[in-house]
Amino acid sequence: MIMIQKSSSIENEFKRKQRHIIRRIIIRGILILDTPTCLGSGDTESPTDLSLLRDSISNHALLTGASIAGAIRNYLRECEHGYLTSEKADDLPTTLFGAIRSYKDNNQNTITIEDGNQSPLIIDDSISTSPIKSELRDGVKINSVTRTAAEKAKYDFEVLQAGTKFPLCFELLIEKASDEPSLLKGLAIALQGLEKGEISLGMKKQRGFGRCKVHNWQVWNFNLEDASDRIAWLTLDHSWSTNSPCTKSPAVNPFIVAAMKEAGLQFSEEWDDKRDRLTINATFTLATPLLIRSGQSSSDKAPDVVHLKSRRNGELQPVLSGTSLAGVLRHRAERIVNTLQKNTSIIDEIFGVDFSKDKAKKAKVSRLIVHESVIKETKDLVQNRIAIDRFTGGALHGALFNEQPIFGSDKTELNLELELRQPKPHEIGLLLLLIKDLWTGDLPVGGTSSIGRGRLQGKKATITLAYENKIWNITQASKNEPLIIDNSEDLEKFVDSLNEEVSA
């Protein structure tokens, strides 16, 4: 028999990689989608261009732990360092999710790490509590010159309906030599982001998809150095069954920080949010009918063209999609910059660059977040239309069709929410001009704008500049009433900086 003796170096290496876990913290919550969410599967054989990711056994949606972890890690990095920045060694994201391969030190020198630590946070995959209820959305690229659909740029994708619920489960492993307060602080900040709805999931997050919130927090704190806690952790039912055999009751609270404190966890709640952003929350009403074409109809007897509707609280409600509004804003921004002449790169800096459509430019994510808006108190009326033969002046054969736009009333309202990350003065000026055009009805949204549809009328707006802690309010009771602006001189300075920037 051959005896193999381990060397001391191998034994030391083996011991070094062992984790001496002294505490396990399990946190559960129910995630509820506030807006439609696109969790793409990448299936090329799907009847749609982008289908939803489904559980392989049941007809339920699958939210992977990797998607949740990526969204949380990105949120932590933005909170600690700001938007569009890199992670650093030993910061909150790397402490909670493990080390990165390379980072830049204070002198901007690249430091490479050959081997990092394993993430102490375990995030489970989640399956929706009910079978998939999906919606079909259409997308199209509009030619900014002809204002018609670009060739071969039409696509559709499947999204989960708002209201879909996912049970979430996190488990934090505390090692003996770890910095427990920092781990708990990072976890609390991340879960607070989910609680407040500041973390979005899936694709097209910059256009209002994937917004969600977490409710019903439950926190278990298991001290593995205590025999009773070890047994309680081993007997905990991880399947979300209502009849849990665990003898240790969780701390239950609608607020995650309070639940963690009730579970006996100690950490600092103070942290400096480094995210610089400009937010605009504006309330509009419909000055004319609005029609954004929907890719699906509710019945076979529906009109040929109906306005886009999405389910909210169990009911179909008309919406102004973030993709439609963002496209309109981009095209008007291009016109403004071209009118002022020169330096059109400001458009790509704000709205991003799609590498698949413009390979001469480097891909860049949009810094302007445009959320989807629900339009309240509207009416659906059908209008018949027909094409006219320009030669005979009569009705064109087979060209009779009907449309169902939405009509407003005195109670009609829609709230537009825009967020510009890392704003520069001239970019704020351009965004203010876009809001002005929407406010006065000069910039229509949706389709069939050439026949007078899609014009809005502003009622009130709140503009918040986070890093300077400034707030401006704009109000106008009706179209015939005067416009009231707080500190209009400050806003005019942003517009003046746009003139200086584009002419530079």
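Values in this document were obtained by computation on a predicted structure and should not be read as measured data.

1. What about the overall build of the chain?
Summing up its helical and strand segments, the chain has ten helices and 25 strands in all. Per-residue burial for the chain yields a buried fraction of 43% across its 504 residues. At a minimum sequence separation of 6, the contacts of the chain that also span at least 24 residues come to 68%. With the model as given, the accessible surface of the chain reaches about 27100 Å², and the carbon-plus-sulfur share is 48%.

2. A few points about the pairing of strand β23 (residues 456-465)
Here nine bridges tie strand β12 (residues 277-286) to β23, and the two strands are oriented antiparallel to one another. Counterpart to Thr 285 in the pairing with β23 is Gln 457. Of the strand pairs in this sheet, β23 and strand β24 (residues 470-475) are connected by six bridges, and their pairing is antiparallel. Bridging across to β24, Thr 462 finds its partner in Asn 473. Where β23 folds back on β24, the antiparallel hairpin that results is connected by four residues, among which Asn 469 adopts a positive phi of roughly 55°.

3. Topic: a nonpolar patch on the surface
Taken together, the side chains of Ile 386, Ile 388 and Leu 400 define a hydrophobic patch exposed on the protein surface, amounting to about 300 Å² of accessible area. On the secondary structure map, Ile 386 appears in strand β19 (residues 383-388). Taking the relative accessible area as the measure of exposure, Ile 386 reaches 41% and is therefore partly exposed.

4. Focus: the sheet that holds strand β20 (residues 395-404)
Across the sheet, three strands lie side by side as β13-β20-β19; this open sheet has mixed pairing. The open sheet has two edge strands with one neighbour each: β13 (305-306) and β19. Pairing of β19 with β20 involves five bridges; the strand directions are antiparallel. Its bridge partner lying in β20, Asn 384 is registered against Asn 402.

5. Remarks on a negative patch on the surface
Judged by side-chain charge, Glu 489, Glu 492, Asp 496, Glu 500 and Glu 501 come together as a negatively charged surface patch. Inspection of the secondary structure assignment puts Asp 496 in helix α10 (residues 488-502). A relative accessible area of 41% places Asp 496 in the partly exposed class.

6. Examining the packing of aromatic side chains
All told, the structure shown has four aromatic pairs when counted by the stated rule. Between the aromatic rings of Phe 157 and Phe 209, the centroid separation amounts to 5.8 Å while the plane-to-plane angle is 85°, which identifies the pairing as edge-to-face. Linking Phe 157 in strand β8 (residues 149-160) with Phe 209 in the loop between α4 (180-196) and β10 (212-223), this pair joins segments that are 52 residues apart in sequence. Given the relative accessible area of 3%, Phe 157 is considered buried. Since its relative accessible area comes to 1%, Phe 209 is described here as buried.

7. Thoughts on the pattern of salt bridges
The final tally for this structure, using the stated rule, is 27 salt bridges. The salt bridge partner of Glu 135 is Arg 137, with a shortest N-O separation of 3.7 Å. Arg 137 shares its class with Glu 135; the two are buried. Across the pair Glu 413 and Lys 459 runs a salt bridge whose closest N-O atoms are separated by 3.2 Å. With Glu 413 in strand β22 (residues 413-421) and Lys 459 in strand β23, the pair connects residues that are 46 residues apart, well separated along the chain. Look at Glu 413 and you get partly exposed, because its relative accessible area is 29%. Several salt bridges share partner residues, and in doing so they unite Glu 78, Arg 277, Glu 419 and Arg 421 into one network.

8. Considering the packing of helix α7 (residues 322-340) against helix α9 (residues 425-440)
Contact geometry for α7 and α9: axes closest at 10 Å, N-to-C directions at 115°. One way to sum up the angle between α7 and α9 is to call them roughly perpendicular. As for the relative orientation of α7 and α9, their crossing is right-handed in sense. On α9, the residues that touch Leu 325, Leu 329, Arg 332, Ala 333, Ile 336 and Val 337 of α7 are Leu 430, Leu 433, Leu 434, Asp 437 and Leu 438. Taken together, the residues of the contact of α7 with α9 break down into nine nonpolar, no polar and two charged.

9. A closer look at the sheet that holds β10
Strand order across the open sheet formed by five strands is β5-β9-β1-β10-β11, with antiparallel pairing between neighbours. Two strands bound the open sheet, and with one partner strand each, they are β5 (121-123) and β11 (251-253). For this sheet, the mean inter-axis angle between neighbouring strands, taken without regard to orientation, is 20°. Judged from the three bridges that link them, β5 and strand β9 (residues 165-175) form a sheet pairing that is antiparallel. Across the sheet, residue Ile 122 finds its bridge partner in β9, namely Glu 171. The strands that helix α2 (residues 65-81) touches are β5 and β9; relative to β5, the one it contacts most, it runs at about 130°. Along the sheet face, helix α5 (residues 227-234) touches β1 (21-33), β9 and β10 and points at about 140° away from the line of β10.

10. What about α2?
The end-to-end C-alpha separation of α2 is 24 Å, in line with the 24 Å expected for 17 residues at 1.5 Å each. For α2, the complete set of buried residues consists of Gly 65, Ile 68, Ala 69, Ala 71, Ile 72, Arg 73, Tyr 75, Leu 76, Arg 77, Glu 78 and Cys 79. At its buried positions, α2 is contacted by β2 (60-63), α3 (92-97), β5, β9, α4 and β22. Positive backbone phi, at 100°, marks Gly 82, one or two positions downstream of α2.

11. Considering the pairing of strand β15 (residues 315-320)
In this sheet, β15 lies alongside strand β14 (residues 309-312) in antiparallel orientation, the contact comprising four bridges. Across the sheet, Arg 312 pairs through a bridge with Glu 315, a residue of β15. Note that β15 and strand β17 (residues 373-376) share two bridges and pair antiparallel. Looking at β17, one finds that Leu 320 is bridged to Ser 373.

12. Quick look at the nonpolar core
By size, the foremost hydrophobic cluster in this structure holds 50 residues, and its most contacted members are Ile 27, Ile 72, Phe 170, Leu 172, Val 219 and Met 260. Top contributing element to this core by residue count: α4, with eight residues. When residues no more than four places from it in sequence are discounted, the contact partners of Ile 72 are Phe 97, Ile 123, Phe 170, Ala 190, Leu 194 and Ile 199. Counting 49 residues, the second-largest nonpolar core is a separate cluster that includes Val 337, Ile 350, Leu 416 and Leu 434.

Conventions adopted
- Residues numbered from 1 in each chain as written.
- Predicted model: local features only at pLDDT ≥ 70, side-chain atom pairs only at ≥ 80, totals over all residues.
- Heavy atoms only, no water.
- Helix = DSSP H or I, 4+ residues; strand = E, 2+ residues; numbered from the N terminus.
- Buried < 20%, exposed > 50% of the residue type's maximum accessible area, 1.4 Å probe, protein only.
- Contact = heavy atoms within 4.5 Å.
- Areas by Shrake-Rupley, 256 points an atom, 1.4 Å probe, with all protein chains shown as cover.
- Pairing = 2+ DSSP bridges.
- Patch = residues over 30% accessible without salt bridge, like charges linked within 9 Å, V, L, I, M, F, W, Y side chains within 5 Å.
- Salt bridge = Lys/Arg side-chain N within 4 Å of Asp/Glu carboxyl O.
- Lys, Arg positive; Asp, Glu negative; His and termini not counted.
- Charge placed at Lys NZ, Arg CZ, Asp CG, Glu CD.
- Phe/Tyr/Trp six-rings, centres within 6.5 Å; stacked < 30°, edge-to-face > 60°.
- Axes fitted to C-alpha atoms, helices over the stretch in contact; angles between N-to-C directions.
- Parallel < 35°, antiparallel > 145°, perpendicular 65-115°, else oblique.
- Left-handed = near helix turned anticlockwise from the far one by under 90°.
- Nonpolar A, V, L, I, M, F, W, Y, C, P; charged D, E, K, R; others polar.
- Expected span 1.5 Å × (residues − 1).
- Core = buried A, V, L, I, M, F, W, Y, C linked by side-chain atoms within 4.5 Å.

Any link to function would need more than the numbers given here.
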